[in-house]
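Letter by letter, the chains look like this.
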2 protein chains.
Amino acid sequence: MEESEPTRILMGVNESTIKGYPNPSISSKGAFEWTINKIVRSSTTGFKLLFLHVQVPDEDGFDDMDSIYASPDDFKNMKQRDRTRGLHLLEYFVSRCHQIGVSCEAWIRRGDPKEVICHEVARVRPDFLVVGCRGLGPFQRVFVGTVSEFCVKHAECPVITIKRRADETPQDPVDD
Amino acid sequence: MEESEPTRILMGVNESTIKGYPNPSISSKGAFEWTINKIVRSSTTGFKLLFLHVQVPDEDGFDDMDSIYASPDDFKNMKQRDRTRGLHLLEYFVSRCHQIGVSCEAWIRRGDPKEVICHEVARVRPDFLVVGCRGLGPFQRVFVGTVSEFCVKHAECPVITIKRRADETPQDPVDD
C-alpha cells in the first residue's frame, strides 16, 4: 500500500516557568511524548512534526523570526551567543525528533501566543494542532488554559488538547 | 521494533438529523474518516476504535445497553425487528472498520450525551477521545458544540474536536 503524504502535526511549545528557557515546560514535553507514543508510534515516516514557539514581545528573546530548523546540525553552526532563549527550546524538540527518526521543522514567532498559533495554522495548514495545557491539578480539573481554549474555538484545523497528568502538576500552579 | 498495545480511540457517534437513524451524521462520518486518514493511516494494527452512541432517554430507541459489537457478523444474527435506530449506526462504523482492517468495539448508552461520554471515558480509559462537531459554517466559526466543549473541559483524557468542513455544512444548521 503506497503511503500518502505524511500527516503534518503542528505543536505549540513553550519554556519551563521554573527552570527557564533552555527547558521545555512539563506540559510541552508531555504533549510531545504523548504524540510520539500514541499517534506516531512506529510509523515515523507517516508523520511530520512542526514546532512553533511564540515569544511574547516584552521578553528579551531571540530575534530571528525567519529561520526554520529541521536537524540538530542546524543549531551547531550558530555562534554560541545566538543560542539563547527560544532557540534552546526548538533544539530540544528537533533533537528528540532526530533520535526518533521523525522529520520535523521548527520556528519562532513573536506576539500573543493564542493569536499567533491560529495565524500560523491558517498559514501552514497542518492536519491538526497539538497544544499542551496546565490543567488537571486537584483544584483545576475544570480549567483549560486560555491558549488551548482559544485554539479549539478559532483554529482552522482539528485541535487536540493534552492536559498534564495530575501527578506531574507542581504544587504551585505557576511552577511549570 | 516490537509494537506496544494499540492506541485506543473512543469516538462519540450520532445519527443524521436529515436522513434519520440508519445514517450517521455528516460530522460523525467526517470525524471517523479523518481519524482513519490522518491518524491510523496504514498502521491498522496500531489502533483500536471504540464507538459509543448515546441515545437521549425520550427517543424511541433500542434497548440493549449491555451488548458490545465488534464485527459485522455480530449484527447478522439479530432479528430484523431488533435492528433499529442506534444499532444501524454502530453497524455502519463496525463494517467500515472491518473493511479497513482495524479492530473495534461499539456499544450504546442512554442519557445526556456529554455526561455519558465523560463517564465512559472514565470507565474504559481510552488514550483519547474524538468528537465531531457541527461548527465552522459561515456564521458559526466561533461556535463549538456544547457536547465537544464540555468533553474538552471535563473528559479525563485528551480530546480532539473535528469540525465539519465549511463546504459540508448544510444551509440550515439543523440539517446535519
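See the structure shown above.
Everything quoted here is computed from the prediction, not taken from an experiment.

Analysis parameters
- Residues numbered from 1 in each chain as written.
- Chains lettered and ligands numbered in written order.
- Predicted model: local features only at pLDDT ≥ 70, side-chain atom pairs only at ≥ 80, totals over all residues.
- Heavy atoms only, no water.
- Least-squares fit on C-alpha atoms with pLDDT ≥ 70 in both.
- Contact = heavy atoms within 4.5 Å.
- Axes fitted to C-alpha atoms, helices over the stretch in contact; angles between N-to-C directions.
- Helix = DSSP H or I, 4+ residues; strand = E, 2+ residues; numbered from the N terminus.
- Parallel < 35°, antiparallel > 145°, perpendicular 65-115°, else oblique.
- Left-handed = near helix turned anticlockwise from the far one by under 90°.
- Nonpolar A, V, L, I, M, F, W, Y, C, P; charged D, E, K, R; others polar.
- Expected span 1.5 Å × (residues − 1).
- Buried < 20%, exposed > 50% of the residue type's maximum accessible area, 1.4 Å probe, protein only.
- Pairing = 2+ DSSP bridges.
- Buried area = accessible area lost by both parts, 1.4 Å probe.
- Salt bridge = Lys/Arg side-chain N within 4 Å of Asp/Glu carboxyl O.
- Disulfide = S-S within 2.5 Å.
- Phe/Tyr/Trp six-rings, centres within 6.5 Å; stacked < 30°, edge-to-face > 60°.

(A) A look at the relation of the copies chain A and chain B. Screw-axis analysis of chain A against chain B gives a translation of 0.0 Å along the axis, an RMSD of 0.0 Å, and a rotation angle of 180 degrees. Accordingly, the operation relating the two chain copies is best matched by a two-fold axis. Taking the C-alpha atom as reference, chain A places Ile160 of chain A closest to the rotation axis, 2.1 Å from it. Comparing contact sets, 97% of the residues at the interface of chain A also lie at the interface in chain B, consistent with an isologous, same-surface contact.

(B) The arrangement of the packing of helix 1 (residues 26–40) of chain B against helix 3 (residues 86–100) of chain B in detail. Residue and element names in this part refer to chain B. The contact between helix 1 and helix 3 brings their axes to 12 Å, and the two run at 20 degrees. Judged by the angle between their axes, helix 1 and helix 3 are roughly parallel. Viewed along their axes, helix 1 and helix 3 form a crossing whose handedness is right-handed. Packed against helix 1, whose contacting residues are Ser28, Lys29, Phe32, Glu33 and Ile36, the element helix 3 presents Tyr92, Phe93, Arg96, Cys97 and Ile100 at the interface. Considered class by class, the residues forming the contact of helix 1 with helix 3 number 6 nonpolar, 1 polar and 3 charged.

(C) Examining helix 4 (residues 113–124) of chain A more closely. Residues and elements named next belong to chain A. The end-to-end C-alpha separation of helix 4 is 16 Å, in line with the 16 Å expected for 12 residues at 1.5 Å each. Burial in helix 4 covers these residues: Val116, Ile117, Cys118, Glu120, Val121 and Val124. Against the buried residues of helix 4 lie strand 1 (7–12), strand 4 (47–55), strand 5 (103–110), strand 6 (128–133) and helix 5 (146–154). Just downstream of helix 4, Arg125 is the residue with a positive phi angle, here 50 degrees.

(D) Quick look at the environment of Lys19 of chain A. In this fold, Lys19 of chain A is placed in the loop between strand 2 (15–16) and strand 3 (20–24). Overall, Lys19 of chain A belongs to the exposed group, its relative accessible area being 61%.

(E) Molecular detail of the pairing of strand 6 (residues 128–133) of chain B. Residue and element names in this part refer to chain B. Counted residue by residue, strand 6 has 5 buried out of 6 residues, so it is predominantly covered. The pairing of strand 1 (residues 7–12) with strand 6 spans 4 bridges and is parallel. Looking at the pairing, Leu10 lines up with Leu129 of strand 6. Bridge analysis of strand 6 against strand 7 (residues 159–163) gives 5 bridges, and the strand direction is parallel. Paired with Val131 across the bridge in strand 7 is Thr161.

(F) Seen up close, the interface of chain A and chain B. Contacts between the two partners involve 33 residues from chain A, matched on the other side by 32 residues from chain B. For the pair chain A and chain B, the two sides together bury roughly 2800 Å², of which 49% comes from carbon and sulfur. One can count 4 salt bridges joining chain A with chain B. Of the residues that constitute the side of chain A that touches chain B, the class distribution is 15 nonpolar, 8 polar and 10 charged.

(G) How the structure looks around the state of the cysteines. A full pass over the atoms with the stated rule returns 0 disulfides over all chains. Between Cys151 of chain B, a free cysteine, and Cys118 of chain B, which holds the nearest cysteine sulfur, the sulfur-to-sulfur gap is 4.2 Å.

(H) Representation of the packing of aromatic side chains within the structure. Under the definition given, this model contains 12 aromatic pairs over all chains. Measuring from centroid to centroid gives 4.9 Å for Tyr69 of chain A and Phe75 of chain A, while their planes differ by 20 degrees, and the two rings are stacked. In this pair, the class of Tyr69 of chain A matches that of Phe75 of chain A, namely buried. Here the aromatic rings of Phe32 of chain B and Phe51 of chain B are separated by 5.9 Å at their centres, their planes lie at 50 degrees, and the arrangement is tilted. Of this pair, Phe32 of chain B sits in helix 1 while Phe51 of chain B sits in strand 4 (residues 47–55), and the two are 19 residues apart along the sequence. Of the two residues, Phe32 of chain B and Phe51 of chain B, both sit in the buried class. In textbook terms, an aromatic cluster arises when at least three aromatic residues are bridged by ring pairs, as seen for Phe32, Phe51, Tyr92 and Phe93 of chain A.

(I) Representation of unusual backbone geometry in the model. Here the phi dihedral of Arg125 of chain A falls at roughly 50 degrees; this positive angle occurs in a residue that is not glycine. Take Arg125 of chain A: it is sitting in the loop between helix 4 and strand 6. Although it is not a glycine, Arg41 of chain B sits at a positive phi angle of roughly 50 degrees. One can find Arg41 of chain B in the loop between helix 1 and strand 4.

(J) Looking closely at the pattern of salt bridges. Here the structure, examined in full by the defined rule, presents 16 salt bridges over all chains. Ionic contacts of the salt-bridge type, sharing partners, join the residues Arg109, Glu120 and Arg123 of chain A into one network.

(K) Geometry of the sheet that holds strand 1 of chain A. On the basis of which strands lie adjacent, the open sheet formed by 10 strands has the order 5(A)-4(A)-1(A)-6(A)-7(A)-7(B)-6(B)-1(B)-4(B)-5(B) and mixed pairing. Here the strands that pair on one side only, and so sit at the sheet edges, are strand 5 of chain A together with strand 5 (103–110) of chain B. Across the sheet, the mean angle from the axis of one strand to that of its neighbour is 20 degrees, orientation sign disregarded. Where strand 7 (residues 159–163) of chain A meets strand 7 of chain B, 3 bridges bridge the pair, whose relative direction is antiparallel. Note on strand 7 of chain B: the bridge partner recorded for Thr161 of chain A is Val159 of chain B.

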